[in-house]
Amino acid sequence: SLDNVLYPAEQKYLSSSFANSSFPMISVNPAGENELQFRNLGGVLHLKVRGNGSVSKVILDSNAGEFISGNASVTVTQGNLPVIAMHDNASASISLLCDPPLVLSEDKVADLYFSLPPVEFTSGFTVTFDYGEKGILVKQTAKPQSVKRSAILHMPEFTLADMSGPFVDLGLSVKWA
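As the structure is a computational prediction, the values presented were derived from the model and not from experiment.

**Student:** What is the right way to look at the sheet that holds strand 7 (residues 53–62) in this model?
**Tutor:** Sheets are built from strands paired through backbone hydrogen bonds, the pairs being either parallel or antiparallel. Strands sit in the order 3-2-10-7-13-14 across an open sheet of 6 strands; the sheet is mixed. Of all strands in the sheet, those with a lone pairing partner are strand 3 (17–18) and strand 14 (136–141), marking the two edges. Where strand 2 (residues 10–14) meets strand 10 (residues 93–104), 3 bridges bridge the pair, whose relative direction is parallel. Each bridged residue has a counterpart across the sheet, and for Glu 10 the counterpart in strand 10 is Ser 95.

Now the structure itself:
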């Protein structure tokens, strides 16, 4: 059993992949063998996005509060798959940091990957696209979605609204188009 395995709350955007240290694995040494067998501890949520403008951060939130980042305990027994239990102080949110900003295009899909523990989003999830001073765009699904260990959940492609402006500051800390 391992304690404090980290599912990062901040992950770095990489084109068509996920950053080092954001996808935890565990190795097992079968009895009497001189080799290690590696097991993925989580899965991946894959978003395919079109749009315009420069996104500095993409935030994923579970709608029903399921834990998707933070520390977890992992139990592995010989011949069985790992069992992952998120700690009580885990979070229902992950930020995908885009540095430099991700420039979206309506002509080309941007692939976004979130490394997650196995999770059942019972009420779906919300994705917030942060355009910096230009504002935010929010996409949401209320349908249950399941991220399984060692698998990729591919979501349907979507296009974000036009972020070319003009935008109005209504004094609510977010600018509106």
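**Student:** What is the right way to read the side chain of Ser 115 from this model?
**Tutor:** Of note, Ser 115 is situated in strand 11 (residues 110–116). Polar side-chain contacts of Ser 115 include one of 2.4 Å to the backbone oxygen of Ser 22. If we skip the residues at most four places from it in the chain, Ser 115 touches Gln 11, Ser 22, Phe 23, Pro 24, Gly 43 and Ile 94.

**Student:** It is not clear to me how the environment of Leu 47 should be interpreted in this structure. Could you clarify?
**Tutor:** Turning to its location among the elements, Leu 47 is positioned in strand 6 (residues 43–50). Distance from Leu 47 to Leu 112, taken between C-alpha atoms, is 5.0 Å for residues 65 residues apart in sequence. The residues contacting Leu 47, other than those within four sequence positions of it, are Ala 110, Asp 111, Leu 112, Phe 114, Phe 125, Val 127, Met 155 and Phe 158.

**Student:** Help me understand the packing of aromatic side chains in this model?
**Tutor:** Geometrically, a pair of aromatic rings is defined through the distance of the ring centres and the angle of the planes. Scanning the entire structure with this criterion turns up 2 aromatic pairs. Ring geometry for Phe 129 and Phe 158: centres 6.1 Å apart, planes at 70°, overall edge-to-face. Placement of the pair is Phe 129 in strand 13 (residues 125–130) and Phe 158 in strand 17 (residues 158–159), with a sequence separation of 29 residues. Phe 158 gets classed as buried once you look at its relative accessible area, which sits at 17%.

**Student:** In this structure, what is going on with a nonpolar patch on the surface? I would like to understand it.
**Tutor:** Where nonpolar side chains cluster on the molecular surface, the patch consists of Met 25, Leu 36 and Phe 38 and spans about 320 Å² of accessible area. Residue class for Met 25 comes out partly exposed when judged on its relative accessible area of 45%.

**Student:** I'm lost on the sheet that holds strand 8 (residues 70–75) in this one. Help?
**Tutor:** The strand order 1-8-9 describes an open sheet built from 3 strands, whose pairing is antiparallel. In this open sheet, the two strands that pair with only one neighbour each are strand 1 (2–7) and strand 9 (83–86). Adjacent strand axes in the sheet meet at a mean angle of 40°, parallel and antiparallel pairs treated alike. Where strand 1 lies against strand 8, 4 bridges are found, and the strand directions are antiparallel. In the sheet register, Val 5 faces strand 8, and the bridge partner there is Ala 72.

**Student:** Any chance you could explain the environment of Ala 161 here in plain terms?
**Tutor:** Mapped onto the elements of the fold, Ala 161 is located in the loop between strand 17 and strand 18 (168–169). As for Ala 161 and Leu 137, which are separated by 24 residues in sequence, their C-alpha atoms are 7.7 Å apart.

**Student:** It is not clear to me how unusual backbone geometry should be interpreted in this structure. Could you clarify?
**Tutor:** Excluding glycine, a negative phi dihedral is what most residues carry, and trans is how most peptide bonds are arranged. In the segment running from Asp 99 into Pro 100, the intervening peptide bond is cis, with an omega of 10°. Looking at the element boundaries, Pro 100 is found in strand 10. Here the phi dihedral of Asn 4 falls at roughly 65°; this positive angle occurs in a residue that is not glycine. Tracing the sequence through the fold places Asn 4 in strand 1. Here Asn 4 falls in the partly exposed class, since its relative accessible area comes to 49%. Positive phi outside glycine occurs at Ser 150, with the angle close to 70°. Looking at the secondary structure, you find Ser 150 in the loop between strand 15 (145–147) and strand 16 (152–154). Judged by its relative accessible area of 44%, Ser 150 is partly exposed.

Rules of the game
In this convention, every chain numbers its residues from 1, walking through the sequence in written order. The predicted nature of this model means local features are confined to residues of pLDDT at least 70 and side-chain atom pairs, given and counted, to a pLDDT of 80 or more, with totals for whole chains, interfaces and linings taken over all residues. Values shown for side chains rest on all heavy atoms present in the structure; no hydrogens or waters enter the calculation. Pairing between strands requires that DSSP locate at least two bridges from one strand to the other. A run of H or I in DSSP counts as a helix once it spans at least four residues, and a run of E counts as a strand once it spans at least two, with each numbered from the N terminus. Here a polar contact means two N or O atoms within 3.5 Å. Within protein one must be a hydrogen donor candidate and the other an acceptor candidate, and residues neighboring in sequence count only if both atoms are side-chain atoms. The contact definition used throughout considers only heavy atoms, calling two residues in contact when any of these lie within 4.5 Å. Ring pairs are drawn from Phe, Tyr and Trp, using the six-membered ring of Trp, whenever the two centres fall within 6.5 Å, and their geometry is named by plane angle: stacked under 30 degrees, edge-to-face over 60, tilted for the rest. Each residue gets one of three labels from its accessible area relative to the maximum for its type: buried under 20%, exposed over 50%, partly exposed in between, using a 1.4 Å probe on protein chains only. Patch members must show over 30% relative accessible area and no salt bridge, and they are joined within 9 Å when carrying like charges or within 5 Å when they are nonpolar side chains of Val, Leu, Ile, Met, Phe, Trp or Tyr. The protein chains shown are the only cover counted for residues, whose accessible areas, like all others here, come from Shrake-Rupley with a 1.4 Å probe. Within this document, salt bridges are pairs made up of a side-chain nitrogen of Lys or Arg and a carboxyl oxygen of Asp or Glu, the two lying within 4 Å of each other. Note on definitions: angles span 0 to 180 degrees between N-to-C directions of axes, and those axes are lines fitted to C-alpha atoms, for helices only across the stretch in contact.

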